[in-house]
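Letter by letter, the chains look like this.
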Amino acid sequence: DTGVSQNPRHKITKRGQNVTFRCDPISEHNRLYWYRQTLGQGPEFLTYFQNEAQLEKSRLLSDRFSAERPKGSFSTLEIQRTEQGDSAMYLCASSLGAQGRTEAFFGQGTRLTVV
Amino acid sequence: GQSLEQPSEVTAVEGAIVQINCTYQTSGFYGLSWYQQHDGGAPTFLSYNGLDGLEETGRFSSFLSRSDSYGYLLLQELQMKDSASYFCASHTDKLIFGTGTRLQVFP
């Protein structure tokens, strides 16, 4: 297993366009998280899945953001009608459960630039 | 809501010891983790505290006090490669990260 994989690594899009990112977690991991990170800040929680169920979406997240994890495997994060403020690094992480000593493994992220 | 506060920046010299503090406000708390992130890299796991007290992993140690909603990461025998950002993260029903501390190690 090669760890958590995210694609694409970089995405430049024009304001108003839709973008979709993909995350392939470690195969046996049932938890999958999406975070957004801007320069000098910590990873900001966006949403998470337990298997295929989306358990929570951040209240700070607008309706333009949606995520799916069909069949509890890979996940996609879509941003509709992108805005310049959406420019950030989008990180995906997976783990085996959440309670106790559960290490989250991160992908290398997708860097989004909205021009 | 949940929040974790850390100092924004810490500086130290090679060979020194540095402590990075984390105070948290959260409900349904299971434990506290620490992650390291080098510039341009992904966060990587360093340590976890589920119980009060000190956990030691090589040059790094982490401490938790549930009654004080406080934890810290202790880095000993600092090396240049330790220059990075460090995040505490609370384990509840999900994983929430702190604001991050940028550590700069000077020769």
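An account of the accompanying structure is given in this report. Just so it is clear, the structure is predicted and the values come from calculations on it, not from any experiment.

**Some words on the overall build of chain A**
Helix and strand content of chain A: 0 helices and 11 strands. In chain A, the order of α-helices and β-strands from amino to carboxyl end is β-β-β-β-β-β-β-β-β-β-β. Computed over C-alpha atoms, the radius of gyration of chain A comes to 13 Å, within 12% of the 13 Å expected from 2.2 N^0.38 for 115 residues, which places it in the range of a compact globule. Principal-axis analysis of the C-alpha atoms places the extent of chain A at approximately 40 × 25 × 25 Å.

**So, the sheet that holds strand 8 (residues 75-79) of chain A**
Residues and elements named next belong to chain A. Taken in spatial order, the 4 strands line up as 1-3-8-7 in an open sheet, and their pairing is antiparallel. In the strand order of this sheet, the two ends are held by strand 1 (5-7) and strand 7 (65-68), each with one partner. The mean inter-strand angle of the sheet, taken between neighbouring strand axes irrespective of direction, is 15 degrees. The sheet contact formed by strand 1 and strand 3 (residues 19-24) spans 3 bridges and is antiparallel.

**Section: the state of the cysteines**
All names here are of chain B. Counting across every chain of the model gives 2 disulfides over all chains. Residue Cys22 pairs covalently with Cys88 via a disulfide, S to S 2.1 Å. Given an S-S torsion of about 75 degrees, the disulfide between Cys22 and Cys88 has right-handed geometry. Of this pair, Cys22 sits in strand 3 (residues 18-25) while Cys88 sits in strand 9 (residues 84-91), and the two are 66 residues apart along the sequence. Across this residue pair, the class does not change: Cys22 and Cys88 are buried.

**Topic: the sheet that holds strand 3 of chain B**
All names here are of chain B. On the basis of which strands lie adjacent, the open sheet formed by 5 strands has the order 1-3-8-7-6 and antiparallel pairing. Bordering the open sheet on either side are strand 1 (3-5) and strand 6 (53-57), each of which pairs with just one other strand. For this sheet the average axis-to-axis angle between neighbouring strands, irrespective of direction, equals 20 degrees.

**Some remarks on the pattern of salt bridges**
Applying the stated criterion across every chain, the model contains 8 salt bridges over all chains. Salt-bridge contacts for Asp39 of chain B lead to Arg102 of chain B; the nearest nitrogen and oxygen are separated by 2.9 Å. In this pair, Asp39 of chain B is assigned in the loop between strand 4 (31-37) and strand 5 (44-49) and Arg102 of chain B in strand 11 (residues 101-106), connecting sequence segments 63 residues apart. Among the residues examined, Asp39 of chain B registers a relative accessible area of 61% and is labelled exposed. The network of salt bridges with common partners includes Glu56 of chain A together with Asp93 and Lys94 of chain B.

Quick notes on the rules
- Residues numbered from 1 in each chain as written.
- Chains lettered and ligands numbered in written order.
- Predicted model: local features only at pLDDT ≥ 70, side-chain atom pairs only at ≥ 80, totals over all residues.
- Heavy atoms only, no water.
- Helix = DSSP H or I, 4+ residues; strand = E, 2+ residues; numbered from the N terminus.
- Rg over C-alpha atoms; globule rule 2.2 N^0.38 Å.
- Pairing = 2+ DSSP bridges.
- Axes fitted to C-alpha atoms, helices over the stretch in contact; angles between N-to-C directions.
- Disulfide = S-S within 2.5 Å.
- Buried < 20%, exposed > 50% of the residue type's maximum accessible area, 1.4 Å probe, protein only.
- Salt bridge = Lys/Arg side-chain N within 4 Å of Asp/Glu carboxyl O.

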